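Notes for the structure review
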Amino acid sequence: MATLIRVLLILVLSDSIASIRGLGIGINYGQIANNLPSPSRVAYLLQSLNISKVKLYDANPNVLTAFGNSNVEFVVGLRNEDLQKMTDPIQAQTWIQQHVLPYIFQTKITCITIGNEVLTGNDTQLMSYLLPAMQTVYGALGSLGLKKDVYVTTAHSTGILGNSFPPSAGVFRQDLAEYIQSILNFHSQTDSPFLINAYPFFAYKDNPNQVSLEYVLFQPNPGTTDPITNLKYDNMLYAQIDAVYSAIKAMGHTDIQVRVSETGWPSKGDPSEVGATLENARLYNGNLLSRVQQNQGTPAKPSVPIDVYVFALFNEDLKPGPSSERNYGLYYPDGTPVYNIGLQGFLPRMDYSASYRNGLDFFHLLLFPVAFLICTL
């Protein structure tokens, strides 16, 4: 009996130590669905997965409240349609006072993204609002004493690149150069990262006969060599990241970190969406997770571990577009994994109030089944 108790406690403590170490990977928590679990249940799921970085596309107060005192770092977002308003200092400060200040002392908000993939859209007026909105929100954070705690950035599609191969020859599109140069100056001045949404899936889907599936899935493959630097690449994601670094350097900056704000692979798609399968999604995200856990850097930045937010936590049934858009999730809304990549999560069947959660942390929840088993012996 005593031996069994010791074994069970060792198992629980091992889980707790793993929780402290964490996975080093972030998750995009999209909510374009009508069947998702409540934020308080999601908070438990992510805690059980040891995921401590979450990216939202808004500043949902229900989510930020549910994650109070959870030690999860949040990226919150302003929608593209809000950019014009955010160029007004008064409206920017009001937004922060309403959507950030009430939660920041209990929920760790570390970043605000201003819009998403604005520069690869067709709205030139919106493009002209992007940098002023970033500057105004940053100024509002400063006036509220938060600019050292919360950085301001925006997320770009890799479509902003005019050339991406070889990685050392990466450059931004010439028609976007004026916008990007000013944004890079802002990042340099505010010590904030450059975010990209990178999806090797799209490259494979569009050219399955020319792009190696093993290369995009982090599987063993001959790889490619950059003829200029002689650096070898065994996967497309790292090549895309280094192409962005090269494009930034070509504009005169070497002091800006590139982070991947979205990447993932759909588990299902339309017949025309080549490669959108359960097995490919499992391989892509599972192999990516393994790379992140090894603290790998890219060939051009080997000492800088890649910083990645996987898209997405759940399948979202209301997303428009092709079938793949509704099938990027690691989990179904009922908490069942879409495929197994070694993450052992737990979605509770009922909600827990914030006060109950704060008084009873996840470590104690892990002890419940142990105590129950001991009492039944």
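Summary of the structure given here. (Residues numbered from 1 in each chain as written. Predicted model: local features only at pLDDT ≥ 70, side-chain atom pairs only at ≥ 80, totals over all residues. Heavy atoms only, no water.)

Points about the pairing of strand E11 (residues 258-263)
In terms of residue burial, E11 counts as a mostly covered element, since 6 of its 6 residues are buried. The pairing of strand E8 (residues 194-197) with E11 spans 4 bridges and is parallel. Note on E11: the bridge partner recorded for Phe 194 is Val 258. Once the chain exits E11 it traverses helix H11 (residues 278-293) before rejoining the sheet at strand E12 (residues 308-311), and the crossover so formed is right-handed. (Buried < 20%, exposed > 50% of the residue type's maximum accessible area, 1.4 Å probe, protein only. Helix = DSSP H or I, 4+ residues; strand = E, 2+ residues; numbered from the N terminus. Pairing = 2+ DSSP bridges. Right-handed = clockwise from strand over helix to strand, strands pointing away.)

Describing helix H2 (residues 39-48)
Burial within H2 is extensive, with 9 of its 10 residues counted as buried. Where H2 ends, the next residue or the one after it, Asn 50, has phi of about 65°, a positive value.

As for the layout of surface pockets
Considering only enclosed or pocket space, the largest pocket measures out at about 810 Å³ in volume. Taken together, 32 residues line the largest pocket, and the ones lying closest to its centre are Tyr 57, Asn 116, Glu 117, Glu 262 and Lys 319. Counting only elements with at least two residues in the lining of the largest pocket, the list comes to strand E3 (73-78), strand E4 (108-116), strand E5 (151-157) and helix H8 (200-206). By residue number, the principal contributor to the lining of the largest pocket is E4, which donates 3 residues. Looking at the lining of the largest pocket, its residues break down into 12 nonpolar, 11 polar and 9 charged. (1 Å grid on protein atoms, 1.4 Å probe; cavity = no way out; pocket = protein on both sides within 12 Å on 5 of 7 lines; lining within 4 Å. Points joined across faces, edges and corners; volume = space filled by probe spheres on them. Nonpolar A, V, L, I, M, F, W, Y, C, P; charged D, E, K, R; others polar.)

Concerning the nonpolar core
Residues Phe 67, Ile 112, Ile 114, Val 137 and Phe 172 are the most contacted members of the largest nonpolar core, which totals 104 residues. Once you skip the residues sitting within four places of it in the chain, Val 137 turns out to touch Leu 78, Met 86, Ala 92, Ile 96, Ile 112, Ile 114 and Val 152. (Core = buried A, V, L, I, M, F, W, Y, C linked by side-chain atoms within 4.5 Å. Contact = heavy atoms within 4.5 Å.)

Topic: the packing of aromatic side chains
One pass over the full model with this rule turns up 13 aromatic pairs. With a centroid separation of 5.0 Å and an interplanar angle of 75°, the aromatic rings of Phe 67 and Phe 74 are classed as edge-to-face. As far as the burial class goes, Phe 67 and Phe 74 line up, both buried. Taking the centre distance of 5.3 Å and the plane angle of 50° together, the rings of Phe 218 and Tyr 284 count as tilted. A residue pair is termed long-range when its members are at least 10 positions apart, and Phe 218 in the loop between helix H9 (213-216) and strand E9 (224-225) and Tyr 284 in helix H11 qualify at 66 residues. For the pair Phe 218 and Tyr 284, a shared accessibility class is recorded, and that class is buried. Site record: aromatic cluster; members linked through ring pairs are Tyr 57, Tyr 199, Phe 201, Phe 202, Phe 218, Tyr 238, Trp 265, Tyr 284, Phe 311 and Tyr 328. (Phe/Tyr/Trp six-rings, centres within 6.5 Å; stacked < 30°, edge-to-face > 60°.)

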